[in-house]
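Structural overview
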Amino acid sequence: YDCNTHLFHKLYLLTGSILPGICGKPRIADVGGVPYLIPTVQKEKVYDLNKVAKDIELPGAFILGAGAASSKILGVNAELIPIVQTKSEKKPAVNGSYIAQINPADKGCLLEKYSSKYTDCEFGLLANLYASEGQPGKVIEVKANGRTGELNFVSCLRQILEKRYGEKPVGMGGTFIIQKGKAKIHIMPPEFSACPLNTDEDVNNWLKFFEMKAPLICQPIIVSRDPGFDLRVEHTHCFSPHGEGGHYHQDTSPDSVQYLGYLLPAELLFRIDRPPETHLVGRD
Ligand SMILES: [Zn+2]
């Protein structure tokens, strides 16, 4: 599919796109990890998308994905929905990211477009990123109407890849839209947990869950299997034109849900600042 002429482009124009596609030197970066957040936060873990772009040998990269906002900058914990053209020799970074946090006024979702109050391209703790030159080109289109099983859209795609490619890890990134229906989305609370989060149940009691409505524009990172780098094999954040966004878990309207996605396999995968000690809590 030529993504330049299709929904990808229209969507990202609508929502403040900065580049016309997701093609050209596609690569995935898994930065930091859940062990820097759980059981207790390591606030000193701060990264920069410009530095990541350099580390993955693609300065000026167009980056999409899912991560944690910098609590140092925001003063609170929040979800980062990165949409960034990182800086190059020719031009400074262009930051079209969104940040989803708990609204102090009504405890609902507060989705904000990146603004200069955030230090340029900084994030915290963890991120799963898809980077490319942001060029138009051939992409994989995936359409799905209705859900018949338990797995979410991203897990289905990952399972299909794993079935087909077995031992060989295949990673993909890009964007999909939930065009109809509703979805279960979480936002991390503003405060890090004072007591250690030792189980998935602890984590789920700490997170704030919402049912959000379509259209939700999602940015998935998928790796069919972990070849032993302690990867997060699925991570998807979303935003919308109507002020909702966060971390995608599952649609809650299996009969009416409609998905449309544009994805591309990555040529390279980079593991950056892998946590020395790990666990499997909070990976959903
Ligand atoms: Zn997330």
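Reading guide: rules and limits
- Residues numbered from 1 in each chain as written.
- Predicted model: local features only at pLDDT ≥ 70, side-chain atom pairs only at ≥ 80, totals over all residues.
- Heavy atoms only, no water.
- Buried < 20%, exposed > 50% of the residue type's maximum accessible area, 1.4 Å probe, protein only.
- Helix = DSSP H or I, 4+ residues; strand = E, 2+ residues; numbered from the N terminus.
- Pairing = 2+ DSSP bridges.
- 1 Å grid on protein atoms, 1.4 Å probe; cavity = no way out; pocket = protein on both sides within 12 Å on 5 of 7 lines; lining within 4 Å.
- Points joined across faces, edges and corners; volume = space filled by probe spheres on them.
- Nonpolar A, V, L, I, M, F, W, Y, C, P; charged D, E, K, R; others polar.
- Axes fitted to C-alpha atoms, helices over the stretch in contact; angles between N-to-C directions.
- Polar contact = N/O pair within 3.5 Å; in protein donor to acceptor, adjacent residues only side chain to side chain.

This part takes up the pairing of strand β11 (residues 171-180). Of all 10 residues making up β11, eight are buried, and the element is well covered by its neighbours. Judged from the six bridges that link them, β11 and strand β14 (residues 216-223) form a sheet pairing that is antiparallel. Residue pairing in the sheet places Phe 176 in a bridge with Cys 218 of β14. The pairing of β11 with strand β17 (residues 258-265) spans eight bridges and is antiparallel. Looking across to β17, one finds that Ile 178 is bridged to Tyr 259.

Its volume calculated, the largest pocket comes out at about 280 Å³. What lines the largest pocket is a set of 17 residues, among which Arg 232, Val 233, Glu 234, Arg 283 and Asp 284 lie closest to the centre. Here the residues of the lining of the largest pocket are counted per class, giving five nonpolar, six polar and six charged.

Inspection of every chain in the model, using the stated rule, returns four cavities of 30 Å³ or more. By volume, the second largest cavity amounts to about 60 Å³. What lines the second largest cavity is simply Asp 30, Gly 32, Gly 33, Val 34, Pro 35, Leu 126, Asn 128, Asp 230, Leu 231, Arg 232, Arg 271 and Arg 283. Elements that contribute at least two residues to the lining of the second largest cavity include exactly β1 (27-32) and β9 (122-132).

This brings us to unusual backbone geometry. Here the bond from Ile 38 into Pro 39 is cis, since omega is 5 degrees, no more than 30 degrees from zero. Take Pro 39: it is sitting in the loop between β1 and β2 (46-48). Even without being glycine, Lys 25 reaches a positive phi, approximately 50 degrees. Structurally, the position occupied by Lys 25 is in the loop between α1 (7-14) and β1. Positive phi outside glycine occurs at Lys 107, with the angle close to 65 degrees.

In space, the eight strands of this open sheet follow the order β10-β17-β11-β14-β15-β16-β12-β13, with antiparallel pairing throughout. Looking at which strands have only one partner, the edges of the open sheet turn out to be β10 (140-145) and β13 (208-213). When the angles between neighbouring strand axes are averaged without regard to direction, this sheet yields 30 degrees. Bridging between strand β12 (residues 182-187) and strand β16 (residues 246-251) involves four bridges; their strand directions are antiparallel. Among the inter-strand pairings, His 186 is bridged to a residue of β16, identified as His 247.

For the rest of this paragraph, the subject is the side chain of Ser 193. Inspection of the secondary structure assignment puts Ser 193 in the loop between β12 and α5 (200-206). A polar contact of 2.6 Å, which involves the side chain of Ser 193, links it to the backbone oxygen of Cys 195.

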